[in-house]
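In case you want the letters, here they are:
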Amino acid sequence: MGRKKRGALRSWLPNQHGAWAMLAVPFTVGVFLGHGPGEGHRWAHLPLFAAWLTGYVTAFHAQQWLRLRRLSRNPRAPRRHVRPAVASAAVSAVCGVPLLFAYPWLLLAAACAAPFVAVNTWYAWRNNERALLNGLAAVVPACGMLLVTLRMGGGELSEGWRPALACLLFFAGTVPYVKTMIRERDSRAYYRASVTYHAVAVPVAYVLGPWLAIPFTAYLVRAAVLPGKGLKVPVVGAVEVMGSVLLLATLLVMF
């Protein structure tokens, strides 16, 4: 792939690198929990996953277009987000709309996610996307996808609330923790809040499932020890990927 094509690809992909694990882990857990040992995977999960990821790309570029149109003096600045937004929206529609005929309840799931997307859009318009509440708002629909994929696979929603809450507990904690590693690395208030959150999360995780106390203890250790160590952003990202994989493995073994 030439340098020009790589640059074009990077411009289309959202720069919120931590979001990809948040989009994939709950989705994957729901897919596997929604199937019994002898059942084949429903192929509907594949177009749903494509619609889910491209829907995220659509929302990202639409929000950036809205933000830049309000703030930038350069009229060309917001235009670079138009093509990615339109193309990804088209792919999301092609993959997602046919699923509504077989699973009309997906409209209800989309309606439940809409207020959180609206919050993210408002923060983008205000040019305050790094706000703590904005990050927390993005976590909720991502973790809710666990219930969607589980239900699509034939599982009962009652089987999914504990793993969904475990995902919410983990990914909500990454929001203040990552801030202590990058943008708020000099803030003692953020550090104390992050450590306190993760300390409380350990017994909550234990209630959801005793084995969950193991990864959440590891998350507490990283929240208490790593801030202030001068880790580079790629290393911070790699640690979060490992944390996501640990959560995924624990949930799949437990449930």
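Thresholds, definitions, all that
Residues numbered from 1 in each chain as written. Predicted model: local features only at pLDDT ≥ 70, side-chain atom pairs only at ≥ 80, totals over all residues. Heavy atoms only, no water. Axes fitted to C-alpha atoms, helices over the stretch in contact; angles between N-to-C directions. Helix = DSSP H or I, 4+ residues; strand = E, 2+ residues; numbered from the N terminus. Parallel < 35°, antiparallel > 145°, perpendicular 65-115°, else oblique. Contact = heavy atoms within 4.5 Å. Phe/Tyr/Trp six-rings, centres within 6.5 Å; stacked < 30°, edge-to-face > 60°. Buried < 20%, exposed > 50% of the residue type's maximum accessible area, 1.4 Å probe, protein only. Lys NZ or Arg CZ within 6 Å of the ring centre and 35° of its normal.

Caption draft 1: Broad picture of the packing of helix α7 (residues 161-181) against helix α10 (residues 233-254). Packing of α7 against α10 brings their axes to within 11 Å, and their N-to-C directions diverge by 170°. With respect to α10, the axis of α7 lies roughly antiparallel. Note on element contacts: α10 touches α7 through Val236, Val239, Glu240, Gly243, Ser244, Leu247 and Leu251, opposite Pro163, Ala166, Cys167, Phe170, Phe171, Thr174, Tyr177, Val178 and Met181.

Caption draft 2: Layout of unusual backbone geometry. Positioned with a positive phi, Asn127 is a non-glycine residue whose angle comes to about 60°. Its location among the elements puts Asn127 in the loop between α5 (106-125) and α6 (132-152).

Caption draft 3: Geometry of the packing of aromatic side chains. Evaluated as defined, the whole model comprises seven aromatic pairs. Ring centres 5.2 Å apart and planes at 80° place the aromatic pair Trp122 and Tyr123 in the edge-to-face group. Looking at Trp122, the relative accessible area reads 46%, which means it is partly exposed. Overall, the relative accessible area of 11% leaves Tyr123 in the buried class. Seen from their ring centres, Phe216 and Tyr219 are 5.1 Å apart, and the 80° between their planes marks the pair as edge-to-face. Taken together, the positions of Phe216 and Tyr219, both in helix α9 (residues 213-225) and three residues apart, correspond to about one turn of that helix. You can call Tyr219 buried: its relative accessible area is 3%. Following the ring pairs from residue to residue traces out a cluster consisting of Phe170, Phe171, Phe216 and Tyr219. Sitting above the plane of the Trp125 ring, Arg70 keeps its charged end 4.3 Å from the centroid.

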